[in-house]
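# Descriptive analysis of the structure
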Amino acid sequence: MSTTRQHPPGDLGPEPDGAGVSAASTVRTLSLESASGIVPLARDFTRQALHDWGWLPAATADRRAAAEDVLLVVSELVTNACLHAEGPEELRVVCGPKMLRLEVTDRGAGQPAPRTPHRAGRPGGHGMFIVERLCLDWGVVRTPGRPGKTVWAELAAPA
């Protein structure tokens with residue numbers, strides 16, 4: 001497994017694939033191959049999962065902001081797969097007691113990273129900066145011998 005950024009001292013980085021998924025986790029998977037309107041489809045799928053898991057409708061501004069952050073990160077990850085990675089194949093949303101994990105599998109060989117230098121006033125190039133700011137952690141998992149990768153991001157569950 002490789003990640004796209006260094007982890008602070010004391011942080012061991014992301015757990016191996018599946019290690020963060022506990023028995024209390026709920027998983028939803030959406031195939032995005034050959035789909036049209038992929039970004040809105042991914043957002044609607046995730047929004048429905050958030051409704052089913054009690055994140056929406058949000059009772060407080062903090063809970064509403066947490067749900068909005070999840071939807072924005074889904075949009076960014078799926079858009080990046082469309083623009084830079086030959087298109088997304090699958091979206092996986094995993095809801096645990098303390099966090100939500102988003103995974104987008106694509107066919108691309110590239111390595112996502114925040115664009116440097118970052119130019120805040122210019123259009124484009126902000127996706128991974130948004131993901132980095134909103135998420136507890138994010139990274140990339142590659143399966144040896146298989147093309148593509150899975151870009152994952154983890155967000156804290158609302159209190």
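Residues numbered from 1 in each chain as written. Predicted model: local features only at pLDDT ≥ 70, side-chain atom pairs only at ≥ 80, totals over all residues. Heavy atoms only, no water.

What follows deals with the environment of Leu-30. Counting through the fold element by element, Leu-30 comes out in strand E1 (residues 26-31). Spatially, the C-alpha atoms of Leu-30 and Ala-42 are 7.7 Å apart, while their sequence positions differ by 12 residues. Setting aside anything within four residues of it in sequence, one finds Leu-30 in contact with Leu-41, Ala-42, Phe-45, Glu-89, Glu-90 and Leu-91. (Helix = DSSP H or I, 4+ residues; strand = E, 2+ residues; numbered from the N terminus. Contact = heavy atoms within 4.5 Å.)

Here we take up the pattern of salt bridges. What the rule picks out here adds up to 7 salt bridges. Among the ionic pairs, Arg-28 bridges to Asp-52, the shortest N-O distance being 3.0 Å. Remark: Asp-52 occurs in helix H1 (residues 38-52) and Arg-28 occurs in strand E1; sequence separation between them is 24 residues. By relative accessible area, which is 25% here, Arg-28 ends up partly exposed. Here Arg-107 makes a salt bridge to Glu-89, at a shortest N to O gap of 3.6 Å. (Salt bridge = Lys/Arg side-chain N within 4 Å of Asp/Glu carboxyl O. Buried < 20%, exposed > 50% of the residue type's maximum accessible area, 1.4 Å probe, protein only.)

Now for the sheet that holds strand E4 (residues 137-141). With antiparallel pairing, 5 strands are arranged side by side in an open sheet as E1-E2-E3-E5-E4. Whereas interior strands pair on both sides, the edge strands pair on one side only; in this sheet they are E1 and E4. Sheet twist, expressed as the average angle between the axes of neighbouring strands with direction ignored, equals 15°. Sheet topology note: the E4/strand E5 (residues 149-156) ladder contains 5 bridges and is antiparallel. (Pairing = 2+ DSSP bridges. Axes fitted to C-alpha atoms, helices over the stretch in contact; angles between N-to-C directions.)

The omega angle of the peptide bond from Leu-56 to Pro-57 is -10°, so this bond is cis rather than trans. Structurally, Pro-57 is set in the loop between H1 and helix H2 (61-84). Of note, the phi angle at Ser-34 is positive, near 60°, even though the residue is not glycine. Within the fold, Ser-34 resides in the loop between E1 and H1. Taking relative accessible area as the criterion, Ser-34 reaches 83% and is therefore assigned exposed. Positive phi, close to 65°, is recorded for Glu-86, a residue that is not glycine. Tracing the backbone through its elements, the reader meets Glu-86 in the loop between H2 and strand E2 (88-95). Given the relative accessible area of 58%, Glu-86 is considered exposed.

Honestly, that's just the spatial picture; any functional story needs more than this.
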